[in-house]
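Descriptive structure summary
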Amino acid sequence: MKKLFSRPESLTAKRNLYCSGCGHGIVHRLIAEVVDELGIREKTIGIAPVGCAVFAYDYWNFDVTEAAHGRPPAVATGIKRVLRDRIVFTYQGDGDLAAIGTAETVHAANRGENITIIFVNNAVYGMTGGQMAPTTLIAQKTTTTPLGRDPKIAGYPIKISEALAQLEGSVYIERVTVNSPKNTVRAKRAIKKAFQNQIENKGFSLVEVLSMCPTGWGVDPTDAVKWIEENMIQTFPLGVIKDKNLTAKGDL
Amino acid sequence: MEDRILMKGNHAVGEGGIQAGCQAYFGYPITPQNELTQYMAKRMIEEGRVFIQAESEIAAINMVFGASLAGARAMTSSSSPGISLKQEGISYMAGCELPGVIVNIQRGGPGLGNIAGAQSDYFQATKGGGHGDYHLIVLAPASVQEMYDLTGEAFDLADKYRNPVIVLADGILGQMLEPVKIVNKEAKLNSSVKKDWILDGCEGREPRMIRSLLMDEGALEEHNWKLNKKYEKMKETEVRVETDNLKDAEVALVGYGTSARICKEAMEIGRRKGIKVGLIRPITLWPFPEEVIAENADRLKAFLVIEMSLGQMVEDVRLATNGRCPVYFYGKPGGGIPEVDVIVERINKILK
């Protein structure tokens, strides 16, 4: 009988500790599937962030390091520059990538580092208890914006992907989500492309994944997938934000 | 053949690293260490190695973290305020047991301070600097030749113990010109230590992980005890100290780096005047050469510690004497340089 579905080799059998309805497990799996399909498991080095996904090193079945909060792009730079034929990617949350690590993110992109960044945006700090993230929506209630995010006090949800697209050094940036099977298939396609770009030495690729955090949002898992549709996508529209390859060919 | 060339201290550090097989250097401009970053920008590229001017000292140390975990000999340098920024990364490197060389060409502090040479980062270098229980080996050169030699040795020590090593010099040594003997040892691009822990893709082996987060009950305690074993071994094995004229001395001057050079001159003047003065020059500031202090504590009339600070190493000298011998201090903070005449005068006063 033909086997249609199994655990990717790049995923360990360990049960993950994420909350029910959390998007991390899905994104971890998509990365594992892509790494398997591209046949790069034995030359991949992943970098786990500080935040919920720090435990990613338990769930991926390839080399993984942890980095200090916000520093994964700098760590990835160090690895990739000395091991140019390996595949190096970072997995970062919104706080890690767009608050404490903004400088490292911007400059890795600007140098055009040939790395892949998977940026999981769930509009909240999960690990520490639902505080405001740089991507928290206007009026969204968090434990540090109990009355809702007021831009007069706390500024605006940062569109870091759009900002990075302005840099000469970035090659491919796309925003996707994993809130439905259809969107998850699209997300996988984007992640695969971001890795493929690195294999082909094209340069800096980043995929922003809008992901569910029912615990941080105070909703149940089924409402969380709707919450992305009804709230997040308004601020963070899906789609290709930049694809230098297409532009160069005049396809865009 | 032996090459002796006139070199600036900052350049000697760079060349020392290159000859020791430094494969990746990451820096950020700050005075008075800029010549080092500029030297590496040219030389590393010539050698076909990695040079990056990072966006910050924080990024630079994290690039060292990455290059090191990938198996490369890696280095960064800065001066005092920049070294403060690197402390987070240094703590992570210590926790993750990653080798690496950090050079501090000290300047006056606190804050932005000034750009004169100073020795006020002794506490930061030897007592932790970043968060958590850890130690770094701290090497203190006192000449341009030692800037070269000790930087090379720093790489060997870092690999031997899987631990970051600091070369603690100052702006005077960094800017100073002196002849240096360049040892043309075959560049040890692949260090002699076998690194069976690096992350370079799991081809033909089980995947590895590098981390300092240990959440299971007792796991971090166990890890820290393991680190401590390493620190105890360093204390046993790696203490380096130079002594001079100690045998018949009544007073021992204690100084490191630039201060040790000043002490040497004061000792020579004192000896010519018939004063029985000797010198203890710690070369490793951690592990601190407490034994030589302790051994001489009962016999000497006093120690006089000279520093370009308000008095930091003096605490370690006091600890080593354990109250058995008076310890005096003379120092100048904020870029001030202790004066030879004053040192001689102080010795006279102590012996009166």
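Remember, it's a predicted structure, so these values are computed and weren't measured experimentally.

Rules of the game
- Position labels on residues start from 1 in each chain and follow its written sequence.
- Here chains are named by letter from A upward and ligands by number from 1 upward, in the order in which they appear as written.
- For a predicted model such as this one, the threshold for reporting local features is a pLDDT of at least 70, and the threshold for listing and counting side-chain atom pairs is 80 or more; totals across whole chains, interfaces and linings nevertheless cover every residue.
- A pair of strands is labelled paired if DSSP reports no fewer than 2 bridges between them.
- Secondary structure elements are defined from DSSP: runs of H or I of at least 4 residues count as helices, runs of E of at least 2 residues count as strands, and each element is numbered from the N terminus.
- Angles shown run from 0 to 180 degrees and are taken between the N-to-C directions of axes, each axis being a line fitted to C-alpha atoms and, for helices, limited to the stretch in contact.
- These descriptions rest on fixed angle ranges, namely under 35 degrees for roughly parallel, over 145 for roughly antiparallel, 65 to 115 for roughly perpendicular, and the rest for oblique.
- Throughout, a crossing is termed right-handed when the near helix is turned clockwise from the far one, and left-handed when it is turned anticlockwise from it by less than a right angle.
- We call two residues in contact when their backbone-placed C-beta atoms lie within 7 Å.
- Put simply, Ala, Val, Leu, Ile, Met, Phe, Trp, Tyr, Cys and Pro go in the nonpolar bin, Asp, Glu, Lys and Arg in the charged bin, and everything else, Gly too, in the polar bin.
- For each domain, the first and last residues come from an automatic or database assignment.
- For a helix, the expected span equals 1.5 Å multiplied by the number of residues minus one.
- Between the buried cut of 20 or more and the exposed cut of 12 or fewer other C-beta atoms within 10 Å of a residue's own C-beta lies the partly exposed class, and all C-beta atoms are placed from the backbone.
- Only buried residues count toward a nonpolar core: Ala, Val, Leu, Ile, Met, Phe, Trp, Tyr and Cys, linked into one set through C-beta atoms within 7 Å.

**What to know about the sheet that holds strand 1 (residues 44-48) of chain A**
- Spatial ordering of the open sheet is given by 9(A)-7(A)-8(A)-4(A)-3(A)-1(A)-2(A)-9(B), a layout of eight strands whose pairing is mixed. Looking at the sheet topology across the chains shown, the edges are occupied by strand 9 (239-243) of chain A together with strand 9 (209-210) of chain B.
- Of the strand pairs in this sheet, strand 2 (residues 63-66) of chain A and strand 9 of chain B are connected by two bridges, and their pairing is parallel. Paired with Val64 of chain A across the strands is Met209 of chain B, a residue of strand 9 of chain B.

**Describing the packing of helix 3 (residues 72-82) of chain A against helix 3 (residues 57-69) of chain B**
- Relative to each other, helix 3 of chain A and helix 3 of chain B sit at 45°, their axes nearing to 6 Å. By the angle between their directions, the pair helix 3 of chain A and helix 3 of chain B is classed as oblique. Of the two possible hands of crossing, helix 3 of chain A and helix 3 of chain B adopt the one that is right-handed. Here Ala74, Val75, Ala76, Thr77, Gly78, Ile79, Arg81 and Val82 of chain A of helix 3 of chain A come into contact with helix 3 of chain B, specifically with Ala59, Asn62, Met63, Val64, Phe65, Gly66, Ala67 and Leu69 of chain B.
- Considered class by class, the residues forming the contact of helix 3 of chain A with helix 3 of chain B number 11 nonpolar, four polar and one charged.

**What to know about the domain arrangement of chain B**
Residue and element names in this part refer to chain B.
- By domain assignment, chain B separates into domain 1 (3-237) and domain 2 (242-351).
- Here domain 1 and domain 2 have C-alpha centroids that lie 28 Å from each other.
- Those elements that place two or more of their residues in the side of domain 1 that touches domain 2 are helix 5 (122-126), strand 6 (137-139), strand 7 (164-170), helix 7 (171-175) and helix 8 (219-237).
- When residues in the side of domain 1 that touches domain 2 are grouped by element, the largest group, four residues, is from helix 5.
- In terms of residue class, the side of domain 1 that touches domain 2 is built from 17 nonpolar, eight polar and two charged.

**Comments concerning helix 6 (residues 144-161) of chain B**
Residues and elements named next belong to chain B.
- Here helix 6 contains 18 residues, and its C-alpha end-to-end distance of 26 Å stays within 8% of the 26 Å for a straight helix at 1.5 Å per residue.
- Taking burial as the measure, the 18 residues of helix 6 include 15 buried ones, the bulk of the element.
- Trailing helix 6 by a residue or two, Arg162 shows a phi angle of about 50°, which is positive.

**A short note on the nonpolar core**
- By size, the foremost hydrophobic cluster in this structure holds 183 residues, and its most contacted members are Ile118 of chain A together with Leu253 of chain B.
- In terms of domain composition, this core takes at least three residues from each of domain 1 (3-237) and domain 2 (242-351) of chain B.
- Setting aside residues up to four positions removed in sequence, Ile118 of chain A forms contacts with Val27, Ile31, Phe89, Tyr91, Ile191, Val207 and Val209 of chain A.

**Details of the interface of chain B and chain A**
- Contact with chain B, which involves 32 residues of that partner, is made by 28 residues of chain A.
- Residue assignment for the side of chain B that touches chain A shows that the elements contributing at least two residues are strand 3 (50-53), helix 3, helix 4 (80-96) and strand 9 of chain B.
- The element contributing the most residues to the side of chain B that touches chain A is helix 3 of chain B, with eight residues.
- A breakdown of the residues in the side of chain B that touches chain A according to their chemical character gives 19 nonpolar, seven polar and six charged.

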